[in-house]
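The lines below spell out each chain.
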Amino acid sequence: MHLTPALRDFILHWGEMGARWGVNRSVAQVHALLFISPKPLPADEIAETLSIARSNVSTAIRELQSWKMVKVSRELGDRRDHFTTLNDLFDLVKAVVEGRREREFLPTMEALDTVLAEAKADGETPAEARERIAEMLETMRLFDAWYQEVNRLPRGAQLALLKAGGAVSRYLPKAG
């Protein structure tokens, strides 16, 4: 695949942003290439286009598959796997949010639940610390419950909520 300067800049920037989000730079660059590619790409072409080792591409593909962001396809007459990513931005964002929820948010809530139970039982943890942990856990549960409710809505309703954005605040009480 031929990369124009604009496409190279997009891939490099996506790699930098990935690194800031805790994603390996090569993984983010592979994702960016697949996102802008008009057709599924085999791993050797990805490696050649990005000038990275074939083993790095394989690792990146596995990571992206674990996030449910990359799919494999086959082409007649070609024994190689070809890879593509979610091209619909809405689906892509949902995959990232759900992945982060599963890997980060839910385990943190479980850990806080355990820590809070320990703090209540040990007789040593100061009441103020227990209250702060309990408040953090309750706030996280509220956000998670909100996410789950919104996630159950049909896509059209989710898009309507997104488009309404901050306009909803006009109907809510103002902060004092």
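Use the structure listed above.
Since the model is a prediction, treat every value here as computed from it, not as a measurement.

How each quantity is defined
Residues numbered from 1 in each chain as written. Predicted model: local features only at pLDDT ≥ 70, side-chain atom pairs only at ≥ 80, totals over all residues. Heavy atoms only, no water. Salt bridge = Lys/Arg side-chain N within 4 Å of Asp/Glu carboxyl O. Helix = DSSP H or I, 4+ residues; strand = E, 2+ residues; numbered from the N terminus. Buried < 20%, exposed > 50% of the residue type's maximum accessible area, 1.4 Å probe, protein only. Expected span 1.5 Å × (residues − 1). Arc of directions from axis to C-beta. Contact = heavy atoms within 4.5 Å.

**Student:** Please explain the pattern of salt bridges as it appears in this structure.
**Tutor:** Note that side chains of opposite charge can pair when their charged atoms are close. Under the counting rule described, the total for this entry stands at 13 salt bridges. Its salt-bridge partner being Asp-91, residue Arg-155 comes within 3.6 Å of it at the nearest N-O pair. Taken together, the positions of Arg-155 in helix 7 (residues 155-164) and Asp-91 in helix 5 (residues 89-122) put the pair 64 residues apart, joining distant regions of the chain. According to the relative accessible area criterion, Arg-155 is partly exposed, its value standing at 34%.

**Student:** Honestly, helix 1 (residues 5-20) in this entry has me stumped. Any pointers?
**Tutor:** Owing to its 3.6 residues per turn, the α-helix aligns residues three or four sequence positions apart on the same side. With 16 residues, helix 1 should reach 22 Å at 1.5 Å per residue; the first-to-last C-alpha distance of 23 Å fits that figure. All of the buried residues in helix 1 are Ile-11, Gly-15, Met-17 and Gly-18. Each buried residue of helix 1 lies within a common arc of 165° when the element is viewed along its axis, so the set occupies one face. Among the exposed residues of helix 1, those pointing more than 90 degrees away from its buried face are Pro-5, Ala-6, Asp-9 and Arg-20. Packing partners of the buried residues in helix 1 comprise helix 2 (25-36) and helix 3 (43-50). The first or second residue beyond helix 1 is Gly-22, which carries a positive phi of 90°.

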